[in-house]
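Take a look at the letters that make up each chain.
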Amino acid sequence: MASQYDKRTTTFNPDGRLLQVEYAIEHINQDASVVGILAKDGVVLAAEKKEVSKLFVPTRESGKLYKMDDHMLCSVSGVVADANFLIDYGRLFSQQHLYSMHSPIYVEQLVQHLCNYKHQYTQFGSSRPFGVSLMYAGFDRVRGFQLYCSDPSGNYAAYKAHATGKNSVGSITTLKEDYQ
Amino acid sequence: MDSCFGICGKDWVILASDMAVNRSIFTLKHDEDKIMQLNKFKIVAASGEQTDRYQYCNMMMRNLQLMEFRTGFEPDVESTAQFMRTELATALRKAPFQVNLLIGGFDELDGTAKMYWMDYLGTLQQVTKGAHGYAGYFVNSVLDNNYKKDMTLEEGIAALQKCVLELKTRFIINQPTFIAKIVTKDGVQVMQL
């Protein structure tokens, strides 16, 4: 499938696909799995612990689940370095909102902001897209508990249940059958 | 010399201001509306430098509208007041807005009304009654005497009418007309005091 249309992130191929974005999604589908489920009274994100060498010293943050703000969590699937950057960006935006308006940012507002940022890397310049799928679990006064997922293209959607990473397709099929 | 004052009850808030625009010894206009409606449930009464008053309130209104388009909701009263304060405070050491404000609004989510007193330096305080300008000297005591917890909207209007009477009797500057805007769960209503 390697072709002359996948060298730059900013070109469509003749089939109308953005190959760089799809390759990024391929990478994510090889990372450890994360599952998110929205319940009436909360949201759960569960992440598979990656096998690491026994010489590895665990860091303060697990590498999969991060606190975005007091009312929001997110999970990471994909390139951890890219994810760190995005999470920091999201935390900054969240705190700027708190500084300016003294109230927690709406979950969807933050998701949109991060997605707008991710999307820029699919339209401008010669940098590759962020190879990360983030799942956001949060609460706000107006919409209550919410679960969102965004991918390298800058698309996001709200879900009742979702999965990213390895076997995400299988997980989603199971969730569709079993979710009530 | 704008007079601005207001009173806040449990689920209603009224802001009032005079309607005169004065320049040196002239009154240019008797029907200037100094209380801007920011969105469905929020109003701001501004006193001070005329262009700053209009510019600042307009900018706030449009920013809030943009926020509403982006997120789908109106921010609540406290967030709105804090946001307005942050904008004012940021401009303070660059190009200050010389406006003193009373912000009043109704929170749909918890059914309460709130009022905030803000001065041109970015001082913000939630209050149940307040005034700006010279009017404060006359009207603060009237508001103090007539305010009680859980008062009704009618009692609030009556209290403001007493304030207007006080100003008409004792304030050297003639302010013949006053406008009041009321925010309740049904939105904003306008009345002449």
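Computed from a predicted structure; not experimentally measured. (Residues numbered from 1 in each chain as written. Chains lettered and ligands numbered in written order. Predicted model: local features only at pLDDT ≥ 70, side-chain atom pairs only at ≥ 80, totals over all residues. Heavy atoms only, no water.)

Peer 1: What should I look at first to understand the overall build of chain B in this one?
Peer 2: Helix and strand content of chain B: four helices and 12 strands. For 193 residues, the compact-globule estimate of 2.2 N^0.38 gives 16 Å, and chain B sits close to it at 16 Å. Projected onto its principal axes, the C-alpha positions of chain B cover 50 × 40 × 25 Å. A burial count over chain B gives 52% of its 193 residues as buried. Once local pairs closer than 6 in sequence are excluded, the contacts in chain B between residues at least 24 apart make up 61%. When the accessible surface of chain B is totalled, it reaches about 9400 Å², and 51% of it is carbon and sulfur. Between the mean site of the 21 positive side-chain charges and the mean site of the 23 negative ones, chain B shows a separation of 2 Å. (Helix = DSSP H or I, 4+ residues; strand = E, 2+ residues; numbered from the N terminus. Rg over C-alpha atoms; globule rule 2.2 N^0.38 Å. Buried < 20%, exposed > 50% of the residue type's maximum accessible area, 1.4 Å probe, protein only. Contact = heavy atoms within 4.5 Å. Areas by Shrake-Rupley, 256 points an atom, 1.4 Å probe, with all protein chains shown as cover. Lys, Arg positive; Asp, Glu negative; His and termini not counted. Charge placed at Lys NZ, Arg CZ, Asp CG, Glu CD.)

Peer 1: Explain the UniProt feature "domain: Proteasome alpha-type subunits" (unreviewed entry) in chain A here, please?
Peer 2: Those places that UniProt annotates as "domain: Proteasome alpha-type subunits" (unreviewed entry) correspond, in this numbering, to residues 5–27 of chain A. This span, residues 5–27 of chain A, is 39% helix and 0% strand, and a straight line between its end C-alpha atoms measures 19 Å. (UniProt positions renumbered as here; feature names shortened; annotations may be inferred.)

Peer 1: Quick question: what am I supposed to make of the sheet that holds strand β8 (residues 112–118) of chain B here?
Peer 2: Hydrogen bonds between backbone atoms are what pair the strands of a sheet, whose relative direction is either parallel or antiparallel. Residue and element names in this part refer to chain B. Taking strand neighbours across the sheet as the criterion, the five strands line up as β5-β6-β7-β8-β9 in an open arrangement whose pairing is antiparallel. Of all the strands in the sheet, just β5 (35–39) and β9 (124–127) have a single pairing partner and so form its edges. Adjacent strand axes in the sheet meet at a mean angle of 25° when their direction is disregarded. As paired strands, β5 and strand β6 (residues 42–48) are joined by four bridges and run antiparallel to one another. Directly across from Gln37, in β6, lies its bridge partner Ile43. (Pairing = 2+ DSSP bridges. Axes fitted to C-alpha atoms, helices over the stretch in contact; angles between N-to-C directions.)

Peer 1: Is there a simple way to explain the confidence of the model for chain B in this structure?
Peer 2: Detailed reading of the predicted coordinates is not advisable wherever pLDDT is low. On average, chain B scores 94 in pLDDT, and the residues at 70 or more come to 100%. Taken over the whole predicted complex, pTM reads 0.86, whereas the ipTM for its chain interfaces reads 0.78. (pLDDT = per-residue confidence, 0-100.)

Peer 1: Would you take a moment to explain the interface of chain B and chain A for this structure?
Peer 2: The accessible area lost on association of the parts is a frequent measure of interface size. If you look at the interface, chain B gives 14 residues, while chain A gives 11 residues. Taken together, both faces of the contact between chain B and chain A bury some 1200 Å²; the carbon and sulfur share is 59%. Among the residues of chain B in contact with chain A, Thr71, Phe73 and Leu109 of chain B are the three that bury the most area, contributing 41% of the side total. At the surface where chain B touches chain A, the tally comes to two salt bridges. Here Asp76 of chain B and Arg141 of chain A are joined by a salt bridge, their closest N and O atoms 3.2 Å apart. At the boundary of chain B with chain A, the tally comes to five residue pairs in polar contact (both at pLDDT 80 or more). (Buried area = accessible area lost by both parts, 1.4 Å probe. Salt bridge = Lys/Arg side-chain N within 4 Å of Asp/Glu carboxyl O. Polar contact = N/O pair within 3.5 Å; in protein donor to acceptor, adjacent residues only side chain to side chain.)

Peer 1: Hey, could you run me through empty space enclosed by the protein in this one?
Peer 2: The rolling of a water-molecule-sized probe over the atoms marks out the regions of remaining empty space. Under the defined criterion, the tally for this structure stands at one cavity of 30 Å³ or more. Lining the largest cavity are Tyr106, Glu108, Gln109, Gln112, Asp140 and Arg143 of chain A together with Arg70, Thr71 and Phe73 of chain B. Among the secondary structure elements, those contributing two or more residues to the lining of the largest cavity are α3 (107–123) of chain A together with α1 (50–71) of chain B. Take the lining of the largest cavity: its biggest share by element is three residues, from α3 of chain A. (1 Å grid on protein atoms, 1.4 Å probe; cavity = no way out; pocket = protein on both sides within 12 Å on 5 of 7 lines; lining within 4 Å. Points joined across faces, edges and corners; volume = space filled by probe spheres on them.)

Peer 1: Would you take a moment to explain the nonpolar core for this structure?
Peer 2: Here is a general trend for soluble globular proteins: nonpolar side chains tend to be buried in one another's company. Residues and elements named next belong to chain B. One finds Val44, Tyr56, Met84, Leu101 and Met118 to be the most contacted residues of the largest nonpolar core, which totals 24 residues. Listing elements by their share of this core, those giving two or more residues are β5, β6, α1, α2 (77–92), β7 (99–107) and β8. Not counting residues within four places of it along the chain, the set of residues in contact with Met118 comprises Tyr56, Ala81, Met84, Arg85, Leu88, Asn100, Leu101, Ile103, Thr123, Leu124 and His132. Judged by nonpolar contacts, the second largest core, of 23 residues, contains Ile7, Ala131, Leu160 and Phe178. (Core = buried A, V, L, I, M, F, W, Y, C linked by side-chain atoms within 4.5 Å.)

Peer 1: Whenever I open this one, the pattern of salt bridges confuses me. Can you help?
Peer 2: When the charged atoms of two side chains with opposite charge come close together, those side chains can pair. Residues and elements named next belong to chain B. This model, assessed by the stated rule, comprises 18 salt bridges over all chains. Linking Glu74 and Lys42 is a salt bridge whose minimum nitrogen-to-oxygen distance equals 3.0 Å. Within this pair, whereas Glu74 is found in the loop between α1 and α2, its partner Lys42 is found in strand β6, the two being separated by 32 residues in sequence. Overall, the relative accessible area of 2% leaves Lys42 in the buried class. Connected through shared salt-bridge partners, Lys29, Asp31, Glu32 and Arg53 make up one network.

Peer 1: Any chance you could explain the packing of helix α3 (residues 135–146) of chain B against helix α4 (residues 153–170) of chain B here in plain terms?
Peer 2: Geometrically, a packed helix pair is captured by the angle between its two axes and the distance between the axes. Residue and element names in this part refer to chain B. Following both chains from N to C, one finds α3 and α4 inclined at 145°, their axes separated by 9 Å at the closest point. By crossing handedness, the relation of α3 to α4 is classed as right-handed. Contact residues: Ala135, Phe138, Val139, Val142, Leu143 and Asn146 in α3; Ala159, Leu160, Lys162, Cys163, Glu166, Leu167 and Arg170 in α4. Split by residue class, the contact of α3 with α4 holds nine nonpolar, one polar and three charged. (Left-handed = near helix turned anticlockwise from the far one by under 90°. Nonpolar A, V, L, I, M, F, W, Y, C, P; charged D, E, K, R; others polar.)

Peer 1: Would you explain the packing of α1 of chain B against α2 of chain B in this entry?
Peer 2: Residues and elements named next belong to chain B. One can describe the packing of α1 onto α2 by two numbers: an axis separation of 11 Å at closest approach and a directional angle of 130°. Classified by the angle between their axes, α1 and α2 sit oblique to one another. Regarding α1 and α2, the two cross each other, and that crossing is right-handed. Judged by residue contacts, Tyr56, Met59, Met60, Asn63, Leu64 and Met67 of α1 engage Thr80, Phe83, Met84, Arg85, Glu87 and Leu88 from α2. Across the contact of α1 with α2, the residue classes tally to eight nonpolar, two polar and two charged. (Parallel < 35°, antiparallel > 145°, perpendicular 65-115°, else oblique.)

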